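Chain by chain, the residues:
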Amino acid sequence: MLQVLYIFIPMLAAIFVPFLYKSIKNIHTGWFVLAVPATLAIIYASYIAKVADGKVFLQELPWIPSLDISVVSYLDGLSLLFSLLITGIGSLVVLYSIFYLDKHKEKLHNFYVYLLLFMTAMLGIVQSDHLITLYFFWELTSISSFLLIGYWYSRDASRFGALKSMMITVGGGLMMLGGFILLYLMGGTYSIRELIVIAPNLVQHPLFTWSLVLILLGAFTKSAQFPFYIWLPDAMEAPTPVSAYLHSATMVKAGIYLVARFTPIFAVSELWIWLVTGVGILTLFWGSFFAVKQTDLKGILAFSTVSQLGLIMSLLGASALAFHGNGATDTIKFAAFAAIFHLINHATFKGSLFMIAGIVDHETGTRDIRKLGGLMSIMPLSFTVAAIGSLSMAGLPPFNGFLSKEMFLTAMLALQNFEFSGFDTWGALFPIVAWIASIFTFVYSFYFVFRTFTGKYKPEKLPHKPHEAPIGMLISPMILAALVVTIFFIPNLVGDTFVKPAVQAIQPFLYDSPKDIDIHVAAWHGEITPELLMTFGIVLVGVLLFVALPKWQGIYQKFPRALTLNNAYDKIMLGLDVGLNRVSRLYMTGSMRHYLLYMFSSIAAIVIGSLFVKNAFTVSFQDTAPIRPYEIILVVVLVIGTALTILAKSRLTAIIGLGAVGYTVALFFVIFNAPDLALTQLVIETISVALFLLAFYHLPKLGKREERMRFQLNRAIVSIAVGVMVTLLALSAHSQKLIPTISKYYEETVYSKAGGGNIVNVILVDYRGFDTLFEITVLAIAGMAILAMIKLRMNRKEKSHENK
């Protein structure tokens, strides 16, 4: 059970954060929070050796057993890798935030509560084996990221970015939920493991393609794939620790995880392969091309993240080809290896770069690259970390990004040799687009680091006098930069320990255990390969474009904003806002009569329509008791009392009519052998009449002026429809029993299970115990409020007498 509970530890810890923030002012709250991800990272690290041997760990916590919904924690190579990224990078981010966020100026309790909530959501996503709980955690990431992005809610840009990210990712999440439901209808199970086993039997189902597309929409929106990437640049308004955590290592990787986890189910489909690979390579090119346009440091990193996510996505799409039998080559098989390897590398170099961007902003007061330059001598440590991260992102040795980039180029070159679904023809486009995108990746990597730290120093444009960041703020990016270099020299240790178990989880039909994956990573294989020649071309063309950047960067200004995706989003949101406001003004008139008219007409239409559709107009008077003369008299009295209450010109007369209705209903209870209800009705009616008389005594008399109300056909129709609805519903309910009545259950269990003899009392106290408790609670709260008002009035009177 502990394995499941590990997921919820950050959420449970978040409960105590506000109390720590309020009670311990002298210590930064982040120091207490740091223990949570650090402890979890150590716990998950204890699983590494066993998972590397091919073992998996499964634990289940029932949640809603009646609906077959449970929280299932499934730790295999893929979920463990992501759990380590979430907690490991999370620990470094919290450490960084301690020095980045001022404990006296920032609302740290809010920040860390949101961060811990997000951490639980991400752990839930990557460990869930149940589709519904996966969706629950998926949307929890959208909510918590909304709160984190909008942390500085007083800024318009923060609120706009938070709303934009939530609208797009939640919309995609709803599509994904539809895909999950279709998967359940096809496979009869919510378990992802069980769906993988029966995957070959699902491909012929008519719902298979619909499920595939809907699930990919969820993955593409979360991982900022084209054309849904537009939320990610606006999310950069979040504090830098949020950007370093959500947008380099965790949230944007959730879509990557989803595609990797569902690849064994959908890889048999050509549509899956083309969509994942095609959208990924397009996103790679689009993000890298427009990253060079940006002037904000975090904007550059945002588009570079879009680009790198596209690279990983395209590799996952290519890896799906390995499921198609004899045509699979070794290069295609290791596409999944390259995807996971680059995912790790990206988390290290991009996390360090986001932190450096935050340091530059923190120490200079700006992220505008046009105002920066010449900071290398002033901030040498920051420059060193930035150079390591940027050169790794550019794909140069001796940094880890070079290794995974080479594997990426190898996989793209292999696509054109794969005789399946047209890849042997159209596949030639993939290495071309990949090469061009890699050139722009080289350019924006150099653009980020050298335009910031080299060139002319411009102190007059900086809000603050720059200086090197405190060592505490540099620890986290330096650790990540050290990993960037270390992984380059020990890639196979990382591959055997982390990458191969994850690959085996993605391709379970190809490998029985991680040890069966015979992939060896090396910076040099002893020969000149096509991908190495492509790298030489990338460096050569990239350097030329970077040097000539001022001469061609102006082409971005030629793109009309009216044709951008951001403008399309703004137009859609504005149109929805204006259109829905117009619609709401049609029915939001402020008139209670209109609202009742809408509600009653809707209810009547739905119920009567349902009765028609279900053919429920079966009216039978069989087994009904005979109507006795005195019952007819009571009905007449009931009708007269009701009419008198409505038409009376005196309040006293109306109260008498209302009392007559209540007492008549009590007599019906007596006739139908329900003494408990009769006594209750009599008590309530007596108290009500007394209270009405007491209250109305203090009201002015009714005016004698008469207002004639003209007849309105629409109200008459709705009134008649409601009456017909209630009558038909009552007759239909009495005449046919689709399911056994619950009264039989009460009769059978009232003594054996509830230990009571009076069925009414047992229903109120036991079967409806919580309902009765809440009713009593509401009455108690109302009574206390009335008592407080009476005491307040008495105190005011006493004070007025004293003043006199």
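As shown above, the structure is provided for reference.
The rules behind each value
Residues numbered from 1 in each chain as written. Predicted model: local features only at pLDDT ≥ 70, side-chain atom pairs only at ≥ 80, totals over all residues. Heavy atoms only, no water. Helix = DSSP H or I, 4+ residues; strand = E, 2+ residues; numbered from the N terminus. Buried < 20%, exposed > 50% of the residue type's maximum accessible area, 1.4 Å probe, protein only. Contact = heavy atoms within 4.5 Å. Areas by Shrake-Rupley, 256 points an atom, 1.4 Å probe, with all protein chains shown as cover. Lys, Arg positive; Asp, Glu negative; His and termini not counted. Charge placed at Lys NZ, Arg CZ, Asp CG, Glu CD. Core = buried A, V, L, I, M, F, W, Y, C linked by side-chain atoms within 4.5 Å. Expected span 1.5 Å × (residues − 1). Bend = angle between axes of the 7 residues up to and from the residue. Phe/Tyr/Trp six-rings, centres within 6.5 Å; stacked < 30°, edge-to-face > 60°. Lys NZ or Arg CZ within 6 Å of the ring centre and 35° of its normal. Salt bridge = Lys/Arg side-chain N within 4 Å of Asp/Glu carboxyl O. Axes fitted to C-alpha atoms, helices over the stretch in contact; angles between N-to-C directions. Parallel < 35°, antiparallel > 145°, perpendicular 65-115°, else oblique. Left-handed = near helix turned anticlockwise from the far one by under 90°. Nonpolar A, V, L, I, M, F, W, Y, C, P; charged D, E, K, R; others polar. Pairing = 2+ DSSP bridges.

Caption draft 1: Structural context of the overall build of the chain. When helices and strands are tallied, the chain shows 35 helices and two strands. Summarising its shape, the C-alpha atoms of the chain cover approximately 110 × 80 × 55 Å along the three principal directions. Counting all 804 residues of the chain, 49% fall into the buried class. Considering only residue pairs separated by 6 or more positions, the chain has 79% of its internal contacts joining residues 24 or more positions apart. Accessible area of the chain: about 39,500 Å², with a carbon and sulfur share of 68%. Measuring between centres, the 56 positive side-chain charges of the chain sit 14 Å from its 44 negative side-chain charges.

Caption draft 2: Region of the structure containing the nonpolar core. Judged by nonpolar contacts, the single largest core of 215 residues is most densely connected at Leu-183, Phe-262, Trp-272 and Met-412. Counting residues per element, this core draws most heavily on helix H18 (residues 335-364), at 18 residues. In this structure, Met-412 is in contact with Ile-281, Ser-314, Leu-315, Ala-318, Gly-427, Phe-430, Pro-431 and Ala-434, ignoring residues within four places of it in sequence. One finds Leu-597, Ile-608, Val-718 and Val-722 within the second-largest nonpolar core, a separate group that totals six residues.

Caption draft 3: Quick look at helix H14 (residues 251-266). The end-to-end C-alpha distance of H14 is 23 Å, a good match for the 22 Å that 16 residues give at a rise of 1.5 Å each. Along its length, H14 shows its largest kink, about 25 degrees, at Ala-260, and proline Pro-264 lies within four residues downstream of that point. Most of H14 is tucked away: 16 of the 16 residues are buried.

Caption draft 4: Quick look at the packing of aromatic side chains. Within this structure, the stated rule accounts for 47 aromatic pairs. When the ring of Tyr-6 is compared with that of Tyr-44, the centres are 6.2 Å apart and the planes differ by 85 degrees; the resulting orientation is edge-to-face. Note that Tyr-6 is positioned in helix H1 (residues 2-14) and Tyr-44 in helix H3 (residues 29-45), a separation of 38 residues in sequence. We classify Tyr-6 as buried; its relative accessible area is 14%. Following the ring pairs from residue to residue traces out a cluster consisting of Phe-226, Tyr-229, Phe-285, Trp-286, Phe-289, Phe-290, Phe-303, Phe-440, Trp-552, Tyr-556 and Phe-559. In this structure, Lys-25 is placed above the aromatic ring of Tyr-21, and the distance from its NZ or CZ to the ring centre is 5.1 Å. Lying over the aromatic face of Trp-152, Arg-155 brings its terminal NZ or CZ to 4.1 Å of the ring centre.

Caption draft 5: Structural context of the environment of Leu-315. Position of Leu-315 relative to the elements: it lies in helix H16 (residues 297-319). Given a relative accessible area of 0%, Leu-315 falls into the buried group. Taking the C-alpha atoms as reference points, Leu-315 and Ile-43, separated by 272 residues in sequence, lie 30 Å from one another. Ignoring sequence-local partners within four residues, the contact set of Leu-315 consists of Ala-335, Ala-338, Ala-339, Phe-408, Ala-411 and Met-412.

Caption draft 6: Looking closely at the pattern of salt bridges. The tally for this structure, following the rule as stated, stands at eleven salt bridges. Among the ionic pairs, Arg-261 bridges to Asp-76, the shortest N-O distance being 2.8 Å. On the criterion of sequence distance, the pair formed by Arg-261 in helix H14 and Asp-76 in the loop between strand E2 (69-75) and helix H5 (77-100) is long-range, its members being 185 residues apart. The class for Arg-261 is buried, based on a relative accessible area of 5%. One salt bridge connects Arg-367 with Asp-361, and the closest N-O pair in it is separated by 3.5 Å. No difference in accessibility class separates Arg-367 from Asp-361, as the two residues are buried.

Caption draft 7: The arrangement of unusual backbone geometry in detail. Looking along the chain, the bond that leaves Phe-226 and enters Pro-227 is cis, with omega of 5 degrees. By the secondary structure assignment, Pro-227 is in the loop between helix H11 (208-222) and helix H12 (231-234). Of note, the bond from Pro-397 into Pro-398 is cis; its omega dihedral lies within 30 degrees of zero at 0 degrees. Mapping Pro-398 onto the fold places it in the loop between helix H19 (380-394) and helix H20 (400-415). Residues other than glycine seldom take positive phi values, yet Ala-224 does so here, at roughly 55 degrees. With respect to the secondary-structure elements, Ala-224 resides in the loop between H11 and H12.

Caption draft 8: Molecular detail of the packing of H11 against helix H15 (residues 270-291). Orientation of H11 relative to H15, taken along the N-to-C sense of each, is 20 degrees, at an axis distance of 11 Å. Taken together, the axes of H11 and H15 lie roughly parallel to each other. At the point where H11 passes H15, the crossing takes the right-handed sense. Residue-level inspection shows Thr-209, Leu-212, Val-213, Leu-216 and Phe-220 of H11 in contact with H15, the latter providing Leu-271, Trp-272, Leu-275, Val-276 and Val-279. The class makeup of the residues in the contact of H11 with H15 is nine nonpolar, one polar and no charged.

Caption draft 9: Representation of the pairing of strand E1 (residues 57-64) within the structure. Note: E1 against E2, seven bridges, orientation antiparallel. Note on E2: the bridge partner recorded for Glu-60 is Val-72.

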